[in-house]
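Spelled out from the first residue to the last, the chains are:
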Amino acid sequence: MRCRSIALSLLASVLIAGPAAAVPVYVTARLDNGPVGADLPVVAFSYDVKKLFPAVQSRFDQWRPVPPASVAQANKLIPPVPSWNSFHLVHAVQLQDFREAFVKAHSSDRELVKLLLPRFDNVFRKYGERQPDQSPSDVLASEDSRQIWCGNVTHDLNAIISAYNAGVGGGDAANAQYRELYARWLGKRNEALRLAIGKAGGNANLGYVEANTNEAGLAVFDVPPGRWYFACQLEATAWYKPVIVPAGGGRVLLRPEEATHEIMNLAEWIGS
């Protein structure tokens, strides 16, 4: 009996010492006129990133690779349209909505939209605005008419995108060398940041958790209980709020009166 008691007590101590289970946290960001809306990134950091990150970054800035002139246009590169070897309904829906999504994503660059949208329109005029209805002959065919439509549209859209990307840089040897050097530099900086997070009492293996808001301005997180720092940026409006997450999770409201007008570089902070 005594041996069983000792074994149970040891098991209990292991369970207590183990990592805390994640709990749900509901974060809502609001402006004076209502919620911030959908698709706004919100990041929860397990450490005080505003305090810790600049100290680490400053040590590595002097070794940061300098991009060649053509890479200055890299932020204008357009990602290719994904393709699948087999037909997926979601692929067809994305293709049908491609032009609308493209205009929305590049609404701030009217010249880009003016340049590429007519070319995209030509692709859909060529193959059809929407995927064709399934034909009885498709049942026994190795590739039905919807798959063929998806493949043709994807191929021609990516040909336009590739030609555009080649025109703004990103394919020559200098750019390839820079990307390799930058990846090495970023890896070293991120490792130094991870070690600093551990020393500062944060979770080195879970430095941050990212989520996007829905239409109601709500972002949902699953994080272990403890101190977390929630950061959110909407143009010139920013929130940075330390919160103690209890064992049962909870709700966090980023209020309008808590916002500032600083510019937080969340992409740098999360190491991308």
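Because the structure is predicted, anything quoted here is derived from the model rather than measured.

Draft legend 1. Representation of the overall build of the protein chain within the structure. Within the protein chain, the regular secondary structure consists of 8 helices and 8 strands. Expressed as a percentage of its 272 residues, the buried residues of the protein chain come to 36%. Long-range contacts, defined as pairs at least 24 residues apart, comprise 73% of the intrachain contacts of the protein chain with a sequence gap of at least 6. As displayed, the protein chain offers around 16,500 Å² of accessible surface, 56% of which is attributable to carbon and sulfur atoms.

Draft legend 2. Quick look at helix α5 (residues 110-127). End to end, α5 covers 26 Å across 18 residues, agreeing with the expected 26 Å (1.5 Å per residue, within 8%). Largest kink in α5: about 30 degrees, centred on Leu 116, with the proline Pro 118 one to four residues after it. Those residues of α5 that sit buried are Leu 112, Val 113, Leu 116, Phe 120, Val 123 and Phe 124.

Draft legend 3. Seen up close, the nonpolar core. Within the largest apolar cluster, 24 residues are counted, with the highest numbers of intra-cluster contacts made by Phe 45, Tyr 47, Val 49, Ala 231, Tyr 240 and Trp 269. Elements with a minimum of two residues in this core: β3 (41-45), α2 (49-60), α7 (173-199), β6 (226-234), β7 (237-245) and α8 (266-269). Per element, the largest residue contribution to this core is 8 residues, and it comes from α7. In contact with Ala 231, not counting residues within four places along its chain, are Pro 41, Val 42, Val 43, Phe 45, Trp 239, Tyr 240, Met 264, Leu 266 and Trp 269. The next biggest cluster of nonpolar side chains, apart from the first, holds 21 residues, and it includes Trp 239, Val 245, Val 252 and Leu 254.

Draft legend 4. Summary view of the pattern of salt bridges. Within the structure shown, the criterion is met by 10 salt bridges. As a salt-bridge pair, Lys 241 and Glu 258 come within 3.1 Å of each other at their nearest N and O atoms. Here Lys 241, found in strand β7, pairs with Glu 258, found in the loop between β8 (250-254) and α8; they are 17 residues apart in sequence, far enough to count as distant. Salt-bridge contacts for Glu 258 lead to Arg 255; the nearest nitrogen and oxygen are separated by 3.5 Å. You can call Glu 258 partly exposed: its relative accessible area is 32%.

Draft legend 5. Layout of the environment of Tyr 229. Tracing the chain through its elements places Tyr 229 in strand β6. C-alpha separation for the pair Tyr 229 and Ser 46, spaced 183 residues apart in sequence, amounts to 6.4 Å. Non-local contacts of Tyr 229, meaning those with residues more than four positions away in its chain, are made with Val 43, Ala 44, Phe 45, Tyr 47, Asp 48, Tyr 240, Lys 241 and Pro 242.

Draft legend 6. Representation of the pairing of strand β1 (residues 23-31). Pairing between β1 and strand β5 (residues 218-223): 6 bridges, direction antiparallel. In the sheet register, Val 27 faces β5, and the bridge partner there is Ala 219. Of the pairings in the sheet, the one linking β1 to β8 comprises 5 bridges and is parallel in character. In the strand pairing of β8, Tyr 26 is matched with Arg 251. In this structure, β1 lies alongside strand β2 (residues 34-35), joined through 2 bridges in antiparallel fashion. Bridging from a neighbouring strand, Arg 30 pairs with Pro 35 of β2. The loop that links β1 with its antiparallel partner β2 comprises 2 residues.

Draft legend 7. Representation of the layout of surface pockets. When its volume is computed, the largest pocket comes out at roughly 310 Å³. Along the wall of the largest pocket there are 14 residues; nearest its centre are Pro 79, Pro 80, Val 81, Phe 98 and Ala 101. Take the lining of the largest pocket: its biggest share by element is 4 residues, from helix α4 (residues 98-105).

Draft legend 8. A look at the sheet that holds strand β4 (residues 208-212). One open sheet holds the 4 strands; their spatial order is β4-β3-β6-β7, and the pairing between them is antiparallel. With partners counted over all chains shown, the strands left at the sheet margins are β4 and β7, one partner each. Direction aside, neighbouring strands of the sheet carry axes that sit 20 degrees apart on average.

Draft legend 9. Structural context of the environment of Val 42. With respect to the element layout, Val 42 can be found in strand β3. Taking the relative accessible area as the measure of exposure, Val 42 reaches 1% and is therefore buried. On a C-alpha basis, the gap between Val 42 and Cys 232 in space is 4.8 Å, while along the polypeptide they are 190 residues apart.

Draft legend 10. Here's a closer look at the packing of aromatic side chains. On inspection of all chains with the given rule, the structure shows 11 aromatic pairs. On the numbers, 6.3 Å between centres and 45 degrees between planes, the contact of Phe 45 with Tyr 208 is tilted. One end of the pair, Phe 45, is in strand β3; the other, Tyr 208, is in strand β4, and 163 residues separate them in sequence. With a centroid separation of 6.2 Å and 75 degrees between ring planes, the pair formed by Tyr 240 and Trp 269 is classed as edge-to-face. Separated by 29 residues along the polypeptide, Tyr 240 in strand β7 and Trp 269 in helix α8 bring together distant segments of the chain. Given a relative accessible area of 19%, Tyr 240 falls into the buried group.

Scoring rules and cut-offs
- Residues numbered from 1 in each chain as written.
- Predicted model: local features only at pLDDT ≥ 70, side-chain atom pairs only at ≥ 80, totals over all residues.
- Heavy atoms only, no water.
- Helix = DSSP H or I, 4+ residues; strand = E, 2+ residues; numbered from the N terminus.
- Buried < 20%, exposed > 50% of the residue type's maximum accessible area, 1.4 Å probe, protein only.
- Contact = heavy atoms within 4.5 Å.
- Areas by Shrake-Rupley, 256 points an atom, 1.4 Å probe, with all protein chains shown as cover.
- Expected span 1.5 Å × (residues − 1).
- Bend = angle between axes of the 7 residues up to and from the residue.
- Core = buried A, V, L, I, M, F, W, Y, C linked by side-chain atoms within 4.5 Å.
- Salt bridge = Lys/Arg side-chain N within 4 Å of Asp/Glu carboxyl O.
- Pairing = 2+ DSSP bridges.
- 1 Å grid on protein atoms, 1.4 Å probe; cavity = no way out; pocket = protein on both sides within 12 Å on 5 of 7 lines; lining within 4 Å.
- Points joined across faces, edges and corners; volume = space filled by probe spheres on them.
- Axes fitted to C-alpha atoms, helices over the stretch in contact; angles between N-to-C directions.
- Phe/Tyr/Trp six-rings, centres within 6.5 Å; stacked < 30°, edge-to-face > 60°.

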